[in-house]
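Below are the chains, spelled out letter by letter.
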Amino acid sequence: MPASPRQVLPEGWLRSVAMTLGFGLVVAGGLADQGTLFPFLVIGVAALGLGTLFLLFPHGMHFAFGTSAGLAVYACLFAVMGRAAFPEAPAPARAVAFLLPVATFLLAVWWRRRSLRLVAEAAHPFDLGHLPRMARWLLPVWAVGAFSLALPVNRLPVFEQGVGLVGAMLVIAIIVAASVRGVVLLLTDMALITEELAARAARMLVPVVAFLAMYAMLVILFACFYRIAQGLSMVPLFHGPSGPVPLPFPDALYFSLVTQATVGYGDVTPHDDGIRLLASLQVVAGQVLLLFGFAEIMRTRRVLAAEAPPRRSSE
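Each value, and the rule that gives it
Residues numbered from 1 in each chain as written. Predicted model: local features only at pLDDT ≥ 70, side-chain atom pairs only at ≥ 80, totals over all residues. Heavy atoms only, no water. Phe/Tyr/Trp six-rings, centres within 6.5 Å; stacked < 30°, edge-to-face > 60°. Helix = DSSP H or I, 4+ residues; strand = E, 2+ residues; numbered from the N terminus. Buried < 20%, exposed > 50% of the residue type's maximum accessible area, 1.4 Å probe, protein only. Lys NZ or Arg CZ within 6 Å of the ring centre and 35° of its normal. 1 Å grid on protein atoms, 1.4 Å probe; cavity = no way out; pocket = protein on both sides within 12 Å on 5 of 7 lines; lining within 4 Å. Points joined across faces, edges and corners; volume = space filled by probe spheres on them. pLDDT = per-residue confidence, 0-100. Contact = heavy atoms within 4.5 Å. Pairing = 2+ DSSP bridges.

S.K.: Just give me the short version of the packing of aromatic side chains, but keep the residues and values in it.
M.R.: Under the criterion given, the structure shown has 11 aromatic pairs. A ring pair is formed by F222 and Y226, whose centres lie 6.4 Å apart and whose planes are at 45°; its orientation type is tilted. Of this pair, F222 and Y226 both sit in helix α9 (residues 205-232), separated by four residues, roughly a single helical turn. With a relative accessible area of 8%, F222 lands in the buried category. Over the face of the ring belonging to W110 we find R113, whose NZ or CZ atom lies 4.6 Å from the ring centre.

S.K.: Now, about the layout of surface pockets: what can you tell me, with residues and values included?
M.R.: To find leftover empty space, a probe the size of one water molecule is rolled over the atoms. Taken as a whole, the largest pocket spans an internal volume of roughly 830 Å³. Forming the walls of the largest pocket are 35 residues, and the residues nearest its centre are G70, V73, Y74, L77 and V141. When residues of the lining of the largest pocket are traced back to their parent elements, those giving at least two are α2 (37-56), α3 (61-85), α4 (91-111), α6 (135-150), α7 (158-178) and α8 (180-203). The element contributing the most residues to the lining of the largest pocket is α3, with 11 residues.

S.K.: Tell me what's going on with the confidence of the model for the protein, and back it up with residues and numbers.
M.R.: Scored by pLDDT, the protein comes out at a mean of 78, with 73% of its residues at no less than 70. Below a pLDDT of 50 lies the segment residues 1-5, which in the model reaches zero contacts outside its immediate sequence neighbourhood of four places, other chains included.

S.K.: Provide a residue-level description of the sheet that holds strand β1 (residues 238-240), including the pertinent values.
M.R.: Strand order in this open sheet of three strands is β2-β1-β3, and the pairing throughout is antiparallel. Only two strands of the sheet have a single partner each, and these edge strands are β2 (243-245) and β3 (269-270). The pairing of β1 with β2 spans three bridges and is antiparallel. Paired with G240 across the strands is G243, a residue of β2.

Here it is, written out as structure tokens:
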């Protein structure tokens, strides 16, 4: 009796799962100040969405990653809108309001899974001419958020704020369900374009690594110059918020980095004309290195583009 064929997992499924759940974990950690329940909701929704989409579209794992990115944006916007427009809404109302659009989206995807399979499992980005049609659902969604922020909802009692938040998210859920194909198109293209950019960046890895190595060498070199100058001086050459600082090597390395990056936090400042001149030379050297690095990266990009085979137009 012939053995039943094994189900082959799609290529890159493990990477997509790890990136999706890892991204959700980071976002949940960033939103932890929104209450104890909210970060767990973000993680739970990311896992639920990933499992649902894997069952529906096993060869569309890039779409699952795009959905996780969309979920992260949605969670951040929900946190901002919730705090600004509905600051006193109770936790149960926040949980229901957050889950409404996500659950409605997953149900709509499941309902239209056959017609959406070609979109979700696409291997290349679609014609970007469809992007203006995103306004059909993005504009109403943004309008709901704008009205929520413009109206004095934050002055209502606690219960009314919870009702208002659930009502606003219910309207958004209806808009998303009615425009599910446009949402899937946007999320799929987001993931595919991100993958394409990552592939291009990988091909330019050699000049990027070379630039970073030279950048680090320049930072270390000037840090040593600053430390040697301080060691040869009888007076402190650098000052901090509380006065003169001895400038050990870790501080010298930090000062060298912020000087070359032209950030200039001001927590360590030179108080000697010679050190100021040395710092100015480092800034100029860093800018020259940046120009040469950018030129080399662009030259490598042109060479790779010339060597790449012509891309066939998608059907």
